[in-house]
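Structure at a glance
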Amino acid sequence: MSMALFGKKKTQHDFVVITIDSGSVGVAVVAETEVENVPARHVVFSARESIVRPDSITMESYLSATQTTLVKILQTLASTTTKIPRDVHVVLSSPWQSSQTRFVSLSKESTFKITEKVIHELMQKEEAVFVGEAKANPSLFGSDFTLFESKTMNATLNGYPINEPIGKSAKTIELVLHLSVASHTALALLTKSIQGEVGHAHVSFHSSVFTYFAQLRDIFPEIKSFLIIEISDALSEVTIVESSALSQSISFPGGFQTQTETVAKQLGRTQKEVAMYMRMYADGTLEQKLRHTLEDALTIATKDWAVLFGQALSSLSKEVLVPDAIFLVSGSTDVAWVAEAVKSEALQDYKIASHAFNFLSLTSAHVSEFITVATGATHDVPLELSALYVSTKA
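Everything quoted here is computed from the prediction, not taken from an experiment.

1. Digging into the pattern of salt bridges
Within the structure shown, the criterion is met by seven salt bridges. Across the salt bridge formed by glutamate 49 and lysine 72, the nearest N and O atoms sit 3.1 Å from each other. Residue glutamate 49 is located in strand β3 (residues 38-50), and its partner lysine 72 is located in helix α1 (residues 59-80); the two are separated by 23 residues in the primary sequence. Residue classification places lysine 72 among the partly exposed positions, given a relative accessible area of 45%. With a shortest N-O distance of 3.8 Å, glutamate 295 and arginine 291 are connected by a salt bridge. With glutamate 295 and arginine 291 both in helix α7 (residues 288-316), this residue pair falls four residues apart, about one helical turn.

2. Quick look at the sheet that holds strand β11 (residues 235-242)
Strand pairing in a sheet relies on backbone hydrogen bonds. The paired strands run either parallel or antiparallel. Pairing is mixed across the open sheet formed by five strands, whose spatial order is β12-β11-β10-β13-β14. Either end of the sheet is taken by a strand with one partner, and the two such strands are β12 (245-253) and β14 (358-361). Within the sheet, the average angular offset between the axes of one strand and its neighbour, ignoring direction, is 20°. Where strand β13 (residues 325-330) meets β14, four bridges bridge the pair, whose relative direction is parallel. Bridge assignment links alanine 325 to a residue of β14, and that residue is asparagine 358. In the packing of α7 onto the sheet, contacts are made with β10 (226-231), β11 and β12, and the angle to β12 comes to roughly 140°.

3. Focus on helix α3 (residues 184-197)
For α3, spanning 14 residues, the distance from its first C-alpha to its last is 21 Å, which sits close to the expected 20 Å at 1.5 Å a residue. When α3 is considered as a whole, its buried residues turn out to be Ala186, Leu187, Leu190, Thr191, Ser193 and Ile194. Mapping the buried residues of α3 onto a view down its axis gives an arc of 160°, with all of them on the same face. For α3, the exposed residues set more than 90 degrees away from the buried face come down to Lys192 and Gly196. The opening residue of α3 is serine 183, an N-cap whose side-chain oxygen sits 3.3 Å from the backbone nitrogen of threonine 185.

4. What about unusual backbone geometry?
The phi angle of most residues is negative, glycine excepted, and most peptide bonds adopt the trans form. Going from serine 94 to proline 95, the amide bond is cis rather than trans, its omega being 10°. Counting through the fold element by element, proline 95 comes out in the loop between β4 (87-92) and β5 (98-113). The phi angle at serine 244 is positive, at roughly 65°, despite the residue not being glycine. Assignment of secondary structure puts serine 244 in the loop between β11 and β12. Residue classification places serine 244 among the buried residues on the basis of a relative accessible area of 14%.

Reading the values: rules and limits
Residues numbered from 1 in each chain as written. Predicted model: local features only at pLDDT ≥ 70, side-chain atom pairs only at ≥ 80, totals over all residues. Heavy atoms only, no water. Salt bridge = Lys/Arg side-chain N within 4 Å of Asp/Glu carboxyl O. Helix = DSSP H or I, 4+ residues; strand = E, 2+ residues; numbered from the N terminus. Buried < 20%, exposed > 50% of the residue type's maximum accessible area, 1.4 Å probe, protein only. Pairing = 2+ DSSP bridges. Axes fitted to C-alpha atoms, helices over the stretch in contact; angles between N-to-C directions. Contact = heavy atoms within 4.5 Å. Expected span 1.5 Å × (residues − 1). Arc of directions from axis to C-beta. Polar contact = N/O pair within 3.5 Å; in protein donor to acceptor, adjacent residues only side chain to side chain.

Listed below in structure tokens is the structure:
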């Protein structure tokens, strides 16, 4: 477990970052250097491979398909380089992890000094409570779960926010924590797959929820509250950040693959044909009649996702206030329909009359100041955000 924002970053080194979501596995090799005494990160290699969905979808079959894709992409990496770093960081998205925000505090009658030990003991206490609650209620995470991530997001001393509490004195300290769990079996099998391809690899796991939150908060420090939408092939995840801390998060069925399936059903075509039509549509080479038909089908698919998106927001909280700033994180560049869906009626119930939503689909240009990508390597926002997180906080 880690104190995240209050710990010291280790020395520079090269590392591998892997992202795993509901539809793909991404991998990048990152080199850390210094340019005029300023830390710099450079993506030496990157690639993303789609997970072949099994005919019968269970968590066991999907995990097996994910392992197969993971091994395949690591073998591709091995064929392009003579040395793979042993430090491997895996960032998990839904459905591979679940997270909660927790609050813990300590008060004394007299002033006491805040030390790393004090914070560590507070975190351990809350972790034990969290695990105990989860074991007593298997409907939360099942019985095969393990706590793999514990991070501090915010701290207050005597009721006042503070960036660095260690070394200060107070009568009361309050911490906002982020705790993440995953299937113990899944983590063990993913680790085994990685170590089978990367000799003596040291594997660490992180949640995409905290990873993307932490980096977006750093990249856009003036924005204290925002919404994160993470979309993969089969699932979308919505996270609300309030006052620079994760508030609530939820995933729902619906993503790029779901959109393709809906369009295929509307057109009476195969998904492979629809994928070809959409590429031609994007290139402007699709003939006019089919173009209009495809647009009608895409409108239906977009509205379907918008409805699920609105329902997800409703389930987060009856009194949820959606922040004005909305960030989209995705490994795909085909995201224009998401902006349309977000700006549709799905958000009208949450809109303050005088405010307009500021929607930003993140691209490599938004992180190019902090990380560079080698010629020939693929620009991939989830991988680049994850690499920045590992380099600065993990």
